[in-house]
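Residue strings, one per chain:
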Amino acid sequence: MQYRKFRADQLFTGHQLLGADQVLITNNEGRVDGVVPVPEAGDDVQVFPGLLSPGFINCHCHLELSHLKDVVPPHTGLIDFLCDVVTKRGFPQEVIQDRIEKADKEMYDKGIVAVGDISNTADTVRVKAKSRIRYYNFIEVLGFTDDKAEENIAAFNNVLKEYHKELPEKNSVLTPHAPYSISTKTFGLINESTDGRLISIHNQESPDEDELYKTGGGGFLRLFKQFGIDRSPFTVTGKSSLRSYLPHFNRKQTILLIHNTFIPEEDILFAKDYADKHGMNLFFTLCVRANLYIENRKPPVHLFLKHDCPMVLGTDSYSSNWELSIAKEIEAVMNMTCFDDLTAEDKICTVYKMATVNGAKALRMDDELGSFDKGKMPGIVNVVSSGIVRRVL
Ligand SMILES: [Zn+2]
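To start, this report covers the structure provided alongside it. Keep in mind it's a predicted model, so treat the numbers as computed, not measured. (Residues numbered from 1 in each chain as written. Predicted model: local features only at pLDDT ≥ 70, side-chain atom pairs only at ≥ 80, totals over all residues. Heavy atoms only, no water.)

**Things to note about the sheet that holds strand 6 (residues 56-61)**
Note the threshold: Paired strands are those between which DSSP finds at least two bridges. Working definition: helices are DSSP H or I runs of at least four residues, strands are E runs of at least two. Numbering for both runs from the N terminus. Here an axis means a line fitted to C-alpha atoms, over the contact stretch when the element is a helix, while the angle between two N-to-C directions is reported on a 0 to 180 degree scale. Working rule for contacts: check all heavy atoms of both residues, and any pair within 4.5 Å makes them a contact.
Taken in spatial order, the four strands line up as 6-7-8-9 in an open sheet, and their pairing is parallel. Edge strands, defined here as strands with exactly one partner in the open sheet, are strand 6 and strand 9 (172-176). Geometrically, the sheet is characterised by an average inter-axis angle of 20° between neighbouring strands, direction not taken into account. Bridge analysis of strand 6 against strand 7 (residues 112-119) gives four bridges, and the strand direction is parallel. Note on strand 7: the bridge partner recorded for Phe-56 is Ile-112. Docked against the sheet, helix 3 (residues 93-109) engages strand 6, strand 7 and strand 8 (134-141), running at close to 145° with respect to strand 7.

**Quick look at the pairing of strand 4 (residues 32-37)**
Of the pairings in the sheet, the one linking strand 3 (residues 22-27) to strand 4 comprises five bridges and is antiparallel in character. Residue Val-23 lies in a different strand from strand 4, and its bridge partner there is Val-36. Between strand 3 and strand 4, which pair antiparallel one after the other, the connecting turn spans four residues, and Gly-30 there sits at a positive phi close to 105°.

**Quick notes on the coordination of the zinc ion**
The condition is simple: As a rule, N, O and S atoms within 2.8 Å of a metal are its donors, except that Na, K and Ca use 3.2 Å; water is not among the atoms, so sites may look incomplete. Here the metal geometry follows the donor angles, with tetrahedral for four donors whose angles all fall between 85 and 135 degrees, square planar for four and octahedral for six when opposite donors are more than 155 degrees apart and every other angle is between 65 and 115, and irregular for all the rest. Per-residue accessibility, obtained with a 1.4 Å probe over protein chains only, is compared with the maximum for each type, and a residue is labelled buried under 20%, exposed over 50%, and partly exposed between these values.
For the zinc ion, the protein coordination sphere consists of His-60 (NE2), His-62 (NE2), His-202 (NE2) and Asp-316 (OD), at 2.1 to 2.8 Å. Around the zinc ion, the four donor atoms sit at angles spanning 82 to 171°, and that spread fits a shape best called irregular. Along the chain, the residues donating to the zinc ion are arranged with the sequence spacing H-x1-H-x139-H-x113-D. Taken together, the residues span a long stretch of sequence, with His-202 in strand 10 (residues 198-203) and Asp-316 in the loop between strand 13 (311-313) and helix 13 (326-334) at a distance of 114 residues. Since its relative accessible area comes to 5%, His-202 is described here as buried. The class of Asp-316 is buried, set by a relative accessible area of 5%.

**A word on the side chain of Asp-117**
Our working rule: N or O atoms within 3.5 Å of each other form a polar contact, as long as, within protein, one can give a hydrogen and the other can take it, and as long as residues adjacent in sequence are counted only when both atoms are side-chain atoms.
By the element assignment, Asp-117 lies in strand 7. Of the polar contacts made by the side chain of Asp-117, one reaches the side chain of Lys-128; its length is 2.7 Å. In this structure Asp-117 touches Cys-61, His-62, Leu-63, Thr-124, Lys-128, Tyr-135, Tyr-136, Asn-137 and Phe-138, once residues within four positions along its chain are discounted.

**As for the pattern of salt bridges**
Here is the rule: By salt bridge we mean one thing: a side-chain nitrogen of Lys or Arg within 4 Å of a carboxyl oxygen of Asp or Glu.
The full count for this structure, using the stated rule, is 22 salt bridges. A salt bridge links Arg-222 to Asp-80, with the shortest nitrogen-to-oxygen separation between them at 3.2 Å. With Arg-222 in helix 8 (residues 220-226) and Asp-80 in helix 2 (residues 78-88), the pair connects residues that are 142 residues apart, well separated along the chain. Overall, the relative accessible area of 45% leaves Arg-222 in the partly exposed class.

**Here we look at the state of the cysteines**
Two cysteines form a disulfide when their sulfur atoms are joined by a covalent bond. What counts here: Sulfur atoms of two cysteines make up a disulfide when they are within 2.5 Å.
Under the counting rule described, the total for this entry stands at zero disulfides. Cysteine Cys-59 is unpaired, with the sulfur of Cys-287 as its nearest cysteine sulfur at 9.0 Å. Cys-287 sits in the buried class, given a relative accessible area of 0%.

**Digging into the packing of helix 13 against helix 14 (residues 344-355)**
Here is the rule: In these notes the angle categories are as follows: under 35 degrees is roughly parallel, over 145 is roughly antiparallel, 65 to 115 is roughly perpendicular, and the rest is oblique. By definition, any crossing whose near helix is turned counterclockwise from its far helix by less than a right angle is left-handed, and any crossing with a clockwise turn is right-handed. Charged means Asp, Glu, Lys or Arg here, nonpolar means Ala, Val, Leu, Ile, Met, Phe, Trp, Tyr, Cys or Pro, and polar covers whatever is left, Gly included.
Direction vectors running N to C along helix 13 and helix 14 enclose 140°, while the axes themselves pass 10 Å from each other. Judged by the angle between their axes, helix 13 and helix 14 are oblique. The crossing of helix 13 and helix 14 is right-handed. On helix 14, the residues touching Ile-326, Ile-330, Val-333 and Met-334 of helix 13 are Lys-347, Ile-348, Val-351, Tyr-352, Met-354 and Ala-355. Residue classes in the contact of helix 13 with helix 14 are distributed as nine nonpolar, no polar and one charged.

**Here's the deal with the pairing of strand 9**
To keep it simple, the criterion reads: By convention a crossover is right-handed if, when the strands point away from the viewer, the path from the first strand over the helix to the second runs clockwise.
Summarising burial for strand 9: five of the five residues are buried, a large majority. Side-chain alternation along strand 9 places Ser-172, Leu-174 and Pro-176 on one buried face and Val-173 and Thr-175 on a second face that is also buried. Across five bridges, the pairing between strand 8 and strand 9 is parallel. Opposite Glu-140, over in strand 9, you have Thr-175 as the bridge partner. Between the parallel pair strand 8 and strand 9, the chain is carried across by helix 5 (residues 149-166), and the sense of this crossover is right-handed.

**Some thoughts on unusual backbone geometry**
A positive phi angle, near 60°, is found at Lys-252, a position not held by glycine. For Asn-260, which is not a glycine, the phi torsion comes out positive at approximately 55°. Summarising the element assignment, Asn-260 is placed in the loop between strand 11 (254-259) and helix 10 (265-277).

**Structural notes on the sheet that holds strand 12 (residues 281-286)**
Two pairing modes exist for strands in a sheet, parallel and antiparallel, and in both the strands are linked by backbone hydrogen bonds. Within the open sheet, the four strands sit side by side as 10-11-12-13. Their pairing is parallel. Strands at the two margins of the open sheet, each flanked by one partner only, are strand 10 and strand 13. Sheet twist, expressed as the mean angle between neighbouring strand axes with direction ignored, is 30°. Alignment of strand 10 against strand 11, held across six bridges, turns out to be parallel. Across the sheet, His-202 pairs through a bridge with Ile-258, a residue of strand 11.

Note that every value here comes from positions in space, so none of it alone points to a role or purpose.
And the structure:
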């Protein structure tokens, strides 16, 4: 058996941070054999500057929007952003395919080994089928009104079938887009078809979302107009968005709550409690650079830390980010003041776990990915300096 050996100033295993006195050993194809002290490692150890980490997990992307790089301007707020995406996403198919292929390669080169990817169309199937990245595909349903709910679900089920033809069935699922685009009946149909599955939803990304449910007013009425809907099709519950829609799910799903930029503390407690009572799991998905791009605001990570919420990272798409780089997301999260009380080591461990082991668990790929545990093949990333990465394996 031939071995490969790797050492750096710091070695993050997925669980803990070790120093330059430890060596990671894999077999020739990159399957982890173990981590041993330098004197036991023998010869031919490759030495790297900076930190070595298991490959990164990007839990939220829209690969099919890669052609919108530099198309949608930053800092418009969510409503104008959405109006822009809706009106500007049409491009020639060859441009769309070219940008999808480039974005997939870019993510691979930047050390990303798995992606939770939102798809409204089958545009990305071809690239995903031959990609070296593992994809979990959220086939994202939009359905504003109850009267078209069944028709809509049927259309998105046809998209889902395209994924099933080329990719493992367990890695593609119907998923709701957002609380402001899914009617009550549509929520019900998605709930029924996702028993025990991993799904996602864009959550509380704008203050208008809570207003829509509390009063029936706010900025989303402008978005609805674009779809020919004159007034809010949603029932006014008098409650926040999260409290209004989460009870539509009761089939032991795991849900990635995406963004959470405007989630209040009492809703975090509500969501955790609801999930516990219904045998569900929640992962709070941070897309900090996308939040800065769209709303110029960061999510309340200090509250997720305070309440011990599992967190994972996402880049979101090229319509709302400058790069599809988890290393850049790590950098942005690390720069947040909520980590100031932690030691440098604890800070690295906390944030790198979001990017590796937590993400792998969320996407249900931790049998192979997310940590340097013996027998796994998680890929190896060298973080040369903050935000700068090289793929090793
Ligand atoms: Zn998104």
